[in-house]
Amino acid sequence: FNSNHYSVTQSGTGKEIYRCSVLSDPTVEDNWVKYNSSGNFSDETDTTVFGGLLLISSATDIFSTTGSSDTTNWWTGTVSGTTLTSSPHVLEVLRSGQETLFVTDGNLVRYYNSTAGHSRVTLQAGLVANTMHKGNQSMWVGTQTETNENALVYEIYVGEIACDDSDPPVCVPIARNAFPVDGRAVLWLRVVDGIPYVLTDKGHIQRFNGVGFVTVPNASLPFAFTYESLDGVRAGN
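Residues numbered from 1 in each chain as written. Predicted model: local features only at pLDDT ≥ 70, side-chain atom pairs only at ≥ 80, totals over all residues. Heavy atoms only, no water.

### A look at the side chain of Ser64
Right, so step 1: Following the sequence through the fold, Ser64 ends up in strand E7 (residues 62-65).
Right, so step 2: When sequence neighbours within four positions are dropped, the list of residues in contact with Ser64 reads Leu53, Leu54, Leu55, Ser69, Asp70, Thr71 and Trp74. (Helix = DSSP H or I, 4+ residues; strand = E, 2+ residues; numbered from the N terminus. Contact = heavy atoms within 4.5 Å.)

See below:
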């Protein structure tokens with residue numbers, strides 16, 4: 001990014017950002033220098049590149065850097081977004097159509113682009129959005145739940161809304177689809193060749209078949225066939 005390599009590493013006080021010049025060998029440890037202006041971030045910090053900036057989420061905001069100039073409150077200051085409250089704050093960019101930044105915030109999925117401004121999709125109560133990956137035209141969002149219900153995977157299209165029957169009608173951004181998975185947490189989500197795949201806390205890799213998520217044959221972790229489960233595991237942590 002902008003003539004530098006960046007790496008997010010775990011430390012005793014959270015996550016730290018290190019930088020290596022693109023002209024230096026990134027396999028040499030001494031070429032990586034702590035990016036001191038970034039400070040420490042939480043265990044669930046995420047990074048992405050959007051609008052020519054490297055973005056790094058913190059507990060309540062999103063930090064940005066051009067590689068030479070930093071803004072600690074890019075989200076709430078530069079683009080006037082609402083303060084983030086509930087970790088993890090996963091970042092992902094949908095580049096089909098208008099380049100749009102997505103950020104998770106508890107059971108909210110916020111998204112922003114320079115043309116339409118800010119939008120917010122509210123997911124089912126009791127869910128936490130914890131992982132995302134872009135599809136061809138939509139954003140896929142995985143969740144976790146503390147209840148006995150299955151976690152859901154949502155499909156969100158930028159600008160899609162629903163309106164009530166009031167006069168004038170009240171319209172809010174929505175997720176087009178919600179699909180249950182076999183588990184209470186989606187630990188990993190990727191869209192490969194247009195097809196979403198997830199890894200659940202039960203240890204199963206599941207594939208979207210156009211109707212719902214089904215377990216891929218011979219694609220489960222060993223503990224999936226025992227009485228164990230990954231209780232308490234949070235994606236990103």
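Picking up after the structure, the text goes on.
### Notes on the sheet that holds strand E19 (residues 186-192)
Right, so step 1: Taken in spatial order, the four strands line up as E19-E20-E21-E22 in an open sheet, and their pairing is antiparallel. At either end of the open sheet lies a strand with only one pairing partner, and these are E19 and strand E22 (213-220). Averaged over neighbouring strand pairs, the angle between their axes works out to 30 degrees when direction is ignored.
Right, so step 2: As paired strands, strand E21 (residues 204-208) and E22 are joined by four bridges and run antiparallel to one another. Pairing of Arg207 across the sheet is with Val214, part of E22. (Pairing = 2+ DSSP bridges. Axes fitted to C-alpha atoms, helices over the stretch in contact; angles between N-to-C directions.)

### Structural notes on the side chain of Thr131
Right, so step 1: Position of Thr131 among the secondary structure elements: in strand E13 (residues 127-134).
Right, so step 2: Apart from the residues lying within four places of it in its own chain, the contact partners of Thr131 are Val90, Trp140, Val141, Gly142, Val186, Trp188 and Leu189.

### Points about the nonpolar core
Proteins that are soluble and globular tend to have nonpolar side chains buried together.
Right, so step 1: Counting residues in each nonpolar core, the largest one holds 15 residues, and the members touching the most others are Phe102, Val109, Met132, Val141 and Ile156.
Right, so step 2: Among the elements of the structure, strand E11 (108-113), E13, strand E14 (139-145) and strand E15 (152-156) are those that each provide at least two residues to this core.
Right, so step 3: Apart from the residues lying within four places of it in its own chain, the contact partners of Phe102 are Val90, Leu91, Glu92, Leu94, Val109, Arg110, Tyr111, Met132, Met139, Ile156 and Val158.
Right, so step 4: Counting residues in hydrophobic clusters, the runner-up holds 13 residues, among them Phe50, Trp74, Val79 and Val93. (Core = buried A, V, L, I, M, F, W, Y, C linked by side-chain atoms within 4.5 Å. Buried < 20%, exposed > 50% of the residue type's maximum accessible area, 1.4 Å probe, protein only.)

### Topic: the sheet that holds E13
Right, so step 1: Taken together, the four strands give an open sheet; going across it, the order is E13-E14-E15-E18, and neighbouring strands pair in antiparallel fashion. The open sheet terminates on both sides in strands that have one partner only, identified here as E13 and strand E18 (177-180). Between one strand axis and the next, the sheet turns by 25 degrees as a mean value, whatever way the strands run.
Right, so step 2: As defined by bridge partners, E15 adjoins E18 across four bridges and the pair is classed as antiparallel. Bridging from a neighbouring strand, Tyr154 pairs with Ala178 of E18.

Read these as geometric descriptors, not functional statements.
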